[in-house]
Every structure is written in structure tokens, then in C-alpha cells.
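Reading the structure
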Amino acid sequence: MTLYKKNICIISSSRAEFGIIRNLAKSLIKLKPINTEVVLIGSHNIQTHKKSVNEINDLNIKKFHQINLPNKNDLPDDILNRSSLLLKKISKLFKKKKL
């Protein structure tokens, strides 16, 4: 019987949220039959909040990606445009990485 690796993608949009799921991510990465990748969006990518990348490097997480989105304002049209762009970028990443 052949076992296939399962793909899990953890998407995080803030440092506080990543702090909550940090131990889960660390545990999943250690499991051999699971291919775990982390995607950082939102406040992770703001220049003053780059501590998330350092935290991921400290955890020795090798498979992580950053998705940058424009952060203009909170008008309904801008929120919809960012949501649409996020879905397109995540879809493209999933296809590229075969997640």
C-alpha cells in the first residue's frame, strides 16, 4: 500500500493569529507524511511588522510564502478588490505548488 503525502497550507494574516497556531504549524512540519507550507498575508507584510518572518525563520519553517496586497483604505470597493486579488494569488500559488 502506497501512502501519499497530504498537503496542508496554513494561511495567517496577523502575528497574533500566527502566535496561536504556531505550535500547530511546528508540529505539522515535523510529520513526514504531511507537506506543510505557510502563507503570510496582511499585517505580516507591513514593513514595521516583519517580526513574523523572523519568527518563522526561528521555527526553521522552510516552506513559507508571502502574499503582498495593496492596503489603501477600508472602502467597500477596495475591500472587495483586495479579496478578489487575494483569491487569485492564493489560487496561483496552489497551482504552482500543487497544494
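The numbering scheme is per chain: residues are counted from 1 as the chain's sequence reads. pLDDT decides what is reported in this predicted model: residues at 70 or higher carry local features, side-chain atom pairs at 80 or more are listed and counted, and totals for whole chains, interfaces and linings draw on all residues regardless. Each side-chain value is derived from all of the structure's non-hydrogen atoms; neither hydrogens nor water enter the calculation.

1. Observations concerning the overall build of the protein
- Only DSSP runs of H or I reaching four residues or more are called helices, and only runs of E reaching two or more are called strands; each is numbered from the N terminus. For the protein, the count of helices and strands is 3 helices and 3 strands.
- When the helices and strands of the protein are read in sequence order from the N terminus, they spell out β-α-β-α-β-α.
- In this description, contact between two residues means that some pair of their heavy atoms is separated by no more than 4.5 Å. Nonlocal contacts in the protein, meaning residues at least 24 apart in sequence, comprise 63% of its contacts between residues at least 6 apart.
- A total accessible area of about 7,200 Å² is found for the protein, and carbon and sulfur atoms account for 56% of it. The Shrake-Rupley method, run with a 1.4 Å probe sphere, supplies the accessible areas, and residue values consider only the shown protein chains as cover.

2. Brief notes about the pairing of strand S1 (residues 6–12)
- Pairing between S1 and strand S2 (residues 34–40): 7 bridges, direction parallel. Within S2, the residue paired with Asn-7 across the bridge is Asn-35.
- Each parallel crossover has a hand, and the one from S1 via helix H1 (residues 15–30) to S2 is right-handed. The criterion for strand pairing is that DSSP finds at least two bridges linking the strands in question. Classification remark: right-handed applies to a crossover when, strands pointing away from the viewer, the course from the first strand over the helix to the second runs clockwise.

3. Describing the pattern of salt bridges
- A carboxyl oxygen of Asp or Glu within 4 Å of a side-chain nitrogen of Lys or Arg is what we treat as a salt bridge. As enumerated under the stated definition, the model contains 1 salt bridge in all.
- Where Arg-82 meets Asp-74, a salt bridge forms, and the shortest distance between an N and an O atom there is 3.8 Å.
- Each residue is assigned to one of three classes by its accessible area relative to the maximum for its type, calculated with a 1.4 Å probe on protein chains only: buried under 20%, partly exposed between the two thresholds, exposed over 50%. With a relative accessible area of 17%, Arg-82 lands in the buried category.

4. Focus: helix H2 (residues 51–58)
- For H2, the set of buried residues is Ser-52, Val-53, Glu-55 and Ile-56. Axial view of H2: buried residues confined to an arc of 160 degrees, hence all on one face. The exposed set on the far side of H2, more than 90 degrees from its buried face, consists of Lys-51 and Asp-58.
- Along its buried surface, H2 packs onto H1, S2 and strand S3 (64–66).
- Just downstream of H2 lies Asn-60, where phi reads positive at about 65 degrees. Along the arc lie the directions from the helix axis toward the C-beta atoms.

5. Section: the confidence of the model for the protein
- Confidence of the predictor at the level of single residues is given by pLDDT, which spans 0 to 100. Summing up the model confidence of the protein, the mean pLDDT is 81 and the portion of residues at 70 or higher is 87%.
- Mean pLDDT across the elements of the protein bottoms out in H2 (75) and peaks in helix H3 (residues 76–97) (89).

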